[in-house]
Amino acid sequence: MSRLPPQLWVGAGLSALFLTAALLSFLWTPYDVEVLNIASKLRPPSVEFWLGTDHFGRDMLSMLMVGARTSIAVAVIAVGIGICIGVPLGLAAAARRGSWLDELIMRGNDLIFAFPSLVIAILITATFGPSATNAILAIGIFNIPVFARVARGGAMSIWTLDFIMAARVSGKSITRISAEHILPNIANLLIVQGTIQFSLGILAEAGLSYVGLGAQPPTPSWGRMLADAQTMIYTTPRLAITPGLAIVMMVLGLNLMGDGLRDLLDPRIRRTRA
Amino acid sequence: MLRYILIRALSLGLSLVVASWVIFAMIEVVPGDPASFMLGLNAQPDTVAALRAELGLNGSFLTRYLGWIGGMLSGDFGTSYTYRVAVSELVLERVQVSLPLALYALILSTLIAVPVGMIAASRRGGMADFGIMGATQLGVAVPNFWFAMLLVLVFAIQLRWFSAGGFPGWDAGLFAGFKALTLPAIALALPQASILARIMRSSLLETLHQDYIRTARAKGLSMGQATRRHALRNALIPVLTIIGLQFSFLLAGAIIIENVFFLPGLGRLIFQAITQRDLVVVESVVMLLVFAVILVTFLVDITYALVDPRLRRRA
């Protein structure tokens, strides 16, 4: 067993930092983000306000902490939707490879792929109105075909192996084999893909709330902080830079972690990438 | 080959039909009915009734759907409720901004990514490779609309080389038009170029491991000659697919970027339509975007088969 890939450490560290900040925000933030304090608006970073304050006098650090909560929650649930619906679909398609079920599932997935996630979000919000829930739905729907494909591809290669044949001969049903033997063997693939989709979810959530289709005021979110900051970019560019950096560091951390996990969990890739 | 194209065309048609059902049904399930949704809470009953008639909401689901599709096929996308002009007219005007922007970004992204990916692959493990891979890792993590704001900050506010937003129209000349689209195109292109450069690198590396490259080297070709004559063409095949797929990301991404730069494209049209509850516009523009994406995917599949004969036989 070689030592852990360095990018895994850096990535996991960055991700853990934001996760901790998000969890901590439930218990404590330096200041209350829902209280406007015009007297201390647009303060530069100081000992009192580590990252300064915005145009309503709200503490930027507190806003970022609560914003991390929104971003992470949206991304985690969206990935959850993708896994819970996509993986069973992919497993079913692989188990009955070439059947009408397989065709139906894969063509249905192609169709979702044809709608860019932003367009799905637009459709959903045009119909039901903008909210964090609808953002989750839009990102989550787009995750379904991604996980279905990964699960199907991974499962199909496992189905050809001898021990699956042995399980079939011993009389296990297709569903049981999928759950007991296939799923554990593709878990690595799913973890890596989950990390990637998690980071894409963070980016998508930021984009959606930036254009006003995601979390609604007063819930702080990184995308909305950027949208608010845009009007003041001439006078106080700092307000636009900090939330952006938070997004970049979080996404970078997740991507590095995903790369590291892939290197760690898939020896074949480790060899060709080296 | 003809058989392959036919099968793909059939699947293209099918996707379009299903996509149009989905879009139409989504708009149909608007809470209440579309007419009262568009007019808001305080609308008079007779105004709602008039709009219902105008939108043709009185027919059955199927007749309305067929009417909508039939209209779109003959170029009639309906009439925008807020602008009081034909949606086709609005779209035609806005496409002149969105399409050049997406293409401009696609060209920039390809021009950056292909050489950069080649350099990284040819210096694998070296400083250049390390630097490029680091930069692309960062590029993938940057949200394009934030990058757009940084570009505005540096090139429009500090250096004053470009304007911070707006579009003078193509009447102001090609140069002025493209100048206004330059910052938005860079903002759209760089994250995509990062992905593309990584794919170019790994694809070229994989091709360079093939037996025929070893044969070419054994024949006496230098590494550069073998790359240019044999590896590059084969390595470009997966890159081509990604370029095609990126077009849809660029179109969707353009929706957000247009809002950063206040460009009068399809993206701004769609957001204005959402806030004004102009469902006719939302429905038609979304259908158009999905059509564009499905069509590009189809074209990529066909090109792919032209470049790689192995795919044709498999189909």
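Nothing here was measured: the structure is a model prediction, and the numbers come from that model.

Reading guide: rules and limits
Chains are numbered independently. Their residues run from 1 in the order of the written sequence. In the order they appear in the text, chains get letters beginning with A and ligands get numbers beginning with 1. Restriction of local features to residues with pLDDT of at least 70 applies here, the model being predicted, together with a cutoff of 80 or more for giving and counting side-chain atom pairs; totals for whole chains, interfaces and linings are based on all residues. Hydrogen atoms and water are omitted, and side-chain values are computed over all heavy atoms in the structure. Numbering goes from the N terminus for both helices and strands, where a helix is a DSSP run of H or I of at least four residues and a strand is a run of E of at least two. Residue burial is assigned from relative accessible area. The probe radius is 1.4 Å, only protein chains are included, and a residue is buried under 20% of its type maximum, exposed over 50%, and partly exposed in between. In this description, contact between two residues means that some pair of their heavy atoms is separated by no more than 4.5 Å. Note on terms: buried area is the combined drop in 1.4 Å-probe accessible area of two parts once they are placed together, counting the loss on both. Contacts described as polar in this section are N or O atom pairs within 3.5 Å, which, within protein, must combine one atom able to donate a hydrogen with one able to accept it, while residues neighboring in sequence count only if both atoms come from side chains. A residue's pLDDT is the predictor's confidence in that residue, given on a scale from 0 to 100. Here a patch means residues that are over 30% exposed by relative accessible area and free of salt bridges, tied together within 9 Å if like-charged and within 5 Å if nonpolar (Val, Leu, Ile, Met, Phe, Trp, Tyr). Surface accessibility follows the Shrake-Rupley procedure with a 1.4 Å probe radius. Residue values consider only the protein chains on display as shielding. Definition used for salt bridges: Asp or Glu carboxyl oxygen within 4 Å of a side-chain nitrogen of Lys or Arg. Whenever a helix is involved, its axis is fitted only over the stretch in contact; in every case the axis is a line through C-alpha atoms, and angles between N-to-C directions fall within 0 to 180 degrees. Note on angle classes: values under 35 degrees are labelled roughly parallel, values over 145 roughly antiparallel, values of 65 to 115 roughly perpendicular, and the remainder oblique. Each residue gets one label: Ala, Val, Leu, Ile, Met, Phe, Trp, Tyr, Cys and Pro are nonpolar, Asp, Glu, Lys and Arg are charged, and the others, such as Gly, are polar. To estimate the expected span of a helix, subtract one from its residue number and multiply by 1.5 Å.

## Re unusual backbone geometry
- A cis amide bond links Pro217 of chain A with the next residue in sequence, Pro218 of chain A, at an omega value of 5°.
- Residue position: Pro218 of chain A is located in the loop between α7 (174–210) and α8 (222–230).
- Even without being a glycine, Arg84 of chain B presents a positive backbone phi close to 60°.
- Along the polypeptide, Arg84 of chain B turns up in the loop between α4 (61–73) and α5 (87–122).
- On the basis of relative accessible area, Arg84 of chain B is assigned to the partly exposed category, the value being 48%.
- Phi at Phe262 of chain B is positive, roughly 50°, even though this residue is not glycine.
- Mapped onto the secondary structure, Phe262 of chain B falls in the loop between α10 (223–261) and α11 (266–275).

## Digging into the interface of chain B and chain A
- Across the boundary between the two partners, chain B contributes 42 residues, which contact 37 residues of chain A.
- Across the chain B to chain A interface the summed buried area is about 3400 Å²; carbon plus sulfur atoms make up 82%.
- Our count for the chain B to chain A interface comes out at three residue pairs in polar contact (both at pLDDT 80 or more).
- The set of elements that each furnish at least two residues to the side of chain B that touches chain A consists of α1 (2–28), α6 (127–141), α7 (144–158), α10, α11 and α12 (279–307) of chain B.

## Quick word on the confidence of the model for chain A
Residues and elements named next belong to chain A.
- Of all residues in chain A, 96% have pLDDT values of 70 or greater, and the mean over the chain is 86.
- Within chain A, no element has a lower average pLDDT than helix α10 (residues 267–273), which sits at 51, and none a higher one than helix α2 (residues 60–95), at 93.
- The model gives residues 270–274 a pLDDT under 50, and that stretch makes seven contacts with residues more than four places away or in other chains.

## Section: a nonpolar patch on the surface
- Taken together, the side chains of Leu19, Leu23, Leu24, Phe26, Leu27 and Trp28 of chain A present a nonpolar region at the surface, about 680 Å² in accessible area.
- In this fold, Leu24 of chain A is placed in helix α1 (residues 6–27).

## Considerations on the packing of α5 of chain B against α11 of chain B
Residues and elements named next belong to chain B.
- Interaxial distance between α5 and α11 falls to 8 Å at its minimum, and their mutual angle equals 135°. As judged from the angle between their axes, α5 and α11 are oblique. Taking contact as the criterion, the partners of Leu90, Val91, Arg94, Val95 and Ser98 in α5 are, on α11, Leu266, Gly267, Arg268, Leu269 and Gln272.
- Along the lines of polarity and charge, the residues of the contact of α5 with α11 split into five nonpolar, three polar and two charged.

## A short note on helix α5 (residues 132–159) of chain A
- In this model α5 of chain A runs 39 Å from its N-terminal to its C-terminal C-alpha over 28 residues, within 8% of the 40 Å that 1.5 Å per residue would give.
- Summarising burial for α5 of chain A: 21 of the 28 residues are buried, a large majority.

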